[in-house]
Amino acid sequence: MIEITVTEDAEEAARTCAERLAEAIDEARADRGAAHVALAGGRTPGRTYELLGEHVDDWRAVHLWFGDERCVPLDDPDSNHRLVTATLLAALAARGMDPPLVHAVAGAAGEPAAAAADYERALRQEVPAGPSGVPALDVALLGLGEDGHTASLFPDDPALDERERLCVPVHGTKPPFDRVSLTLPVLRAARRAVLLTAGAGKAWAVGAMLSGPSNRVPASLLADGDGTVELIADRTAAPA
Ligand code: 6PG
């Protein structure tokens, strides 16, 4: 089941998303002593990351992971790691706050397969397993592509059928094409999955992801996992 939160505009969606991430972090640290958060790339979540610095007072025992990463250097303008560095980490530095522990997808630019395997090892080592025996992220923030992709799981990609590996190299349809992505087993094992989207260009993908599970619409495959799935969308992306 996917819970939908509709906001007036993209700014309110960003703020609502920051509040949700902060809630998940506080809950995880209170219940388990640490919080494991996977972040998304793309254009949409940057504002959420800027705001998130205002919603969490200290970042001790918070581990930041990436739902996907492009196969570019970590300081490349297309890198999701760079996005988080330039927004969330910069906001924390400006406030003199100690940063969270950031698990970058190291080496994706050179050796995607090795980088994916290393990232999976780190996930299995650091993130406690949930009921399905798979590392259970406390929250996975995900974006939604116009074609219904999420993370770097693209329509009809064989990676959608991966049930053992938690992180795989992919050749996607959105540039930069070569990426590393978490797979459905770990995304569906997350205690909370939060999809953030905005803009009329995403309206088709929102409608498609709510129309039942299909490999043609990867975001539709997130529901019915171990945790909850919430879609935060502004009213131009939300279903009429
Ligand atoms: C990426 C993202 C990807 C993104 C969607 C939406 O690395 O590209 O993880 O899944 O969230 O493509 O991107 P926009 O927010 O730019 O529309």
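First, a word on what this report is: a plain description of the structure on this page. (Residues numbered from 1 in each chain as written. Predicted model: local features only at pLDDT ≥ 70, side-chain atom pairs only at ≥ 80, totals over all residues. Heavy atoms only, no water.)

### A look at the pattern of salt bridges
Argument step 1. Applying the stated criterion to the full structure yields 19 salt bridges.
Argument step 2. Measuring nitrogen to oxygen at the nearest pair gives 3.4 Å for the salt bridge that ties Arg-192 to Glu-27. Of the two residues, Arg-192 sits in strand β9 (residues 192-197) while Glu-27 sits in helix α1 (residues 10-32), which places them 165 residues apart along the sequence.
Argument step 3. Look at Arg-192 and you get buried, because its relative accessible area is 16%.
Argument step 4. When the shortest N-O distance is used, the salt bridge between Glu-162 and Arg-165 registers 3.0 Å.
Argument step 5. A single salt-bridge network, built from bridges that share partners, covers Arg-20, Glu-23, Glu-27, Arg-192 and Glu-230. (Salt bridge = Lys/Arg side-chain N within 4 Å of Asp/Glu carboxyl O. Helix = DSSP H or I, 4+ residues; strand = E, 2+ residues; numbered from the N terminus. Buried < 20%, exposed > 50% of the residue type's maximum accessible area, 1.4 Å probe, protein only.)

### A few points about the side chain of Asp-68
Argument step 1. Examined against the element boundaries, Asp-68 turns out to sit in strand β4 (residues 68-70).
Argument step 2. At 2.6 Å, the side chain of Asp-68 and the side chain of Ser-152 are in polar contact.
Argument step 3. Those residues within four positions of Asp-68 in sequence are excluded, and the remaining contacts are Leu-39, Gly-41, Asn-80, Ala-151, Ser-152, Arg-179, Val-180 and Ser-181. (Polar contact = N/O pair within 3.5 Å; in protein donor to acceptor, adjacent residues only side chain to side chain. Contact = heavy atoms within 4.5 Å.)

### As for the site of the ligand
Argument step 1. Around the ligand, a shell composed of 16 residues is seen, among which Arg-43, Thr-44, His-149, Ala-151 and Lys-202 lie nearest.
Argument step 2. For the ligand, an oxygen atom lies 2.7 Å from a polar atom in the backbone of Arg-43.
Argument step 3. Lys-174 places a side-chain nitrogen or oxygen 2.7 Å from an oxygen atom of the ligand.
Argument step 4. Across the shell around the ligand, the residue classes break down as two nonpolar, eight polar and six charged. (Near = heavy atom within 4 Å. Nonpolar A, V, L, I, M, F, W, Y, C, P; charged D, E, K, R; others polar.)

### Here's the deal with the environment of Cys-17
Argument step 1. For Cys-17, the position within the fold is in helix α1.
Argument step 2. For Cys-17, a relative accessible area of 0% gives the class buried.
Argument step 3. The sequence separation of Cys-17 and Ala-122 amounts to 105 residues, and the corresponding C-alpha distance is 26 Å.
Argument step 4. Those residues in contact with Cys-17, other than ones at most four positions away along the chain, are Thr-48, Leu-141, Val-194, Leu-196 and Ile-232.

### Details of the packing of helix α2 (residues 46-55) against helix α3 (residues 80-94)
Argument step 1. Remark: α2 packs on α3, axes separated minimally by 7 Å, with the N-to-C direction vectors making an angle of 20°. Between α2 and α3, the interaxial angle falls into the category roughly parallel. The two elements α2 and α3 meet at a crossing, and its hand is right-handed. Across the interface between the two elements, Gly-46, Tyr-49, Glu-50, Leu-52 and Gly-53 from α2 touch Leu-83, Val-84, Thr-87, Leu-88, Ala-91 and Leu-92 from α3.
Argument step 2. Here the contact of α2 with α3 is built from residues that sort into seven nonpolar, three polar and one charged. (Axes fitted to C-alpha atoms, helices over the stretch in contact; angles between N-to-C directions. Parallel < 35°, antiparallel > 145°, perpendicular 65-115°, else oblique. Left-handed = near helix turned anticlockwise from the far one by under 90°.)

### A word on the sheet that holds strand β8 (residues 178-182)
Argument step 1. Strand order in the open sheet formed by three strands is β4-β8-β7, and the pairing between neighbours is antiparallel. Looking along the sheet, the strands with just one partner apiece sit at the ends: β4 and β7 (167-171). The sheet shows a mean angle of 20° between the axes of neighbouring strands, direction not considered.
Argument step 2. Sheet topology note: the β7/β8 ladder contains five bridges and is antiparallel. The residue of β8 that forms the bridge with Val-168 is Ser-181.
Argument step 3. Contacts from helix α4 (residues 112-126) reach β7 and β8 within the one sheet, and its direction differs from that of β7 by about 150°. (Pairing = 2+ DSSP bridges.)

### Here we look at the sheet that holds strand β3 (residues 62-66)
Argument step 1. One open sheet holds the seven strands; their spatial order is β1-β10-β9-β6-β2-β3-β5, and the pairing between them is parallel. Across the chains shown, the open sheet's two edge strands, defined by having one partner strand only, are β1 (2-7) and β5 (101-102).
Argument step 2. In the sheet, β9 pairs with strand β10 (residues 228-234) via six bridges, with the strands oriented parallel. Across the sheet, the residue bridging to Ala-193 is Val-229, located in β10.
Argument step 3. Against the sheet, α3 contacts β2 (35-39), β3 and β5, and its axis sits at roughly 140° relative to β3.

### Some words on the side chain of Asp-234
Argument step 1. Along the chain, Asp-234 turns up in strand β10.
Argument step 2. This buried residue, Asp-234, is left without a salt bridge; Arg-235 holds the nearest opposite charge, at 7.2 Å.
Argument step 3. Contacts of Asp-234, omitting those with residues within four sequence positions, involve Val-6, Thr-7, Asp-9, Ala-10, Ala-13, Thr-197, Ala-198 and Gly-199. (Lys, Arg positive; Asp, Glu negative; His and termini not counted.)

### As for α4
Argument step 1. An ideal rise of 1.5 Å per residue puts 21 Å on 15 residues; α4 measures up with 21 Å between its terminal C-alpha atoms.
Argument step 2. In this fold, the buried residues of α4 make contact with β3, β7 and β8. (Expected span 1.5 Å × (residues − 1).)

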